[in-house]
Amino acid sequence: MRDYVVEQFRSAIAPYINSIANIAIVGGSLNDPEIQTFFGKSVSIQTIGIDETNDVFMDLNLPISPTLNIKSEGYDLILCSQVLEHLFDIKQSRSE
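A brief structural summary.

Rules behind the numbers
- Residues numbered from 1 in each chain as written.
- Predicted model: local features only at pLDDT ≥ 70, side-chain atom pairs only at ≥ 80, totals over all residues.
- Heavy atoms only, no water.
- Helix = DSSP H or I, 4+ residues; strand = E, 2+ residues; numbered from the N terminus.
- Buried < 20%, exposed > 50% of the residue type's maximum accessible area, 1.4 Å probe, protein only.
- Areas by Shrake-Rupley, 256 points an atom, 1.4 Å probe, with all protein chains shown as cover.
- Pairing = 2+ DSSP bridges.
- Core = buried A, V, L, I, M, F, W, Y, C linked by side-chain atoms within 4.5 Å.
- Contact = heavy atoms within 4.5 Å.

Moving on, we come to the overall build of the chain. On a plain count of helices and strands, the chain comes out with one helix and four strands. When the elements of the chain are put in sequence order from the N terminus, they spell out α-β-β-β-β. Counting all 96 residues of the chain, 32% fall into the buried class. Taken as a whole, the chain presents about 6700 Å² of accessible surface, with 53% of it coming from carbon and sulfur.

Spelled out as structure tokens, the structure:
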């Protein structure tokens with residue numbers, strides 16, 4: 001099933017692949033097969049997650065802190081993986 005999802009992801013981003021320069025991975029890692037699509041390309045990748053091994057540590061159950069090291073210019077692509085199961089109350093959780 002994961003292979004199918006990765007194939008669909010690659011097909012969906014194919015028209016935009018050359019315009020993607022800044023990527024955020026929320027909850028996943030550089031080992032995710034979707035991100036391997038960008039290996040060898042000139043992209044900036046930032047990992048945002050719930051443990052200290054990520055570039056940015058963020059608990060989505062807490063209000064967003066203005067001191068987070070999240071790029072102010074934004075991202076061209078955000079991959080969100082393995083996140084929802086960590087939210088205690090989706091209505092109370094925030095992202096900006």
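Read across the open sheet, the four strands follow the order 3-2-1-4; overall the sheet is parallel. Of all the strands in the sheet, the pair left with one neighbour each is strand 3 (56-57) and strand 4 (77-80). Sheet topology note: the strand 1 (residues 22-26)/strand 4 ladder contains four bridges and is parallel. Looking at the pairing, Ile25 lines up with Leu79 of strand 4.

A separate point is the nonpolar core. Among the nonpolar cores identified, the biggest contains ten residues, and these are Phe9, Ile13, Ile17, Ile20, Ile23, Ile25, Ile35, Phe38, Leu77 and Leu79. Broken down by secondary-structure element, the contributors of at least two residues to this core are helix 1 (2-13), strand 1 and strand 4. Once residues lying within four places of it in the same chain are set aside, the contact partners of Phe38 are Phe9, Ile13, Ile17, Ile20, Ile23, Val43 and Leu77. Among the nonpolar cores identified, the runner-up in size contains seven residues, and Val56, Met58, Tyr75 and Val83 belong to it.

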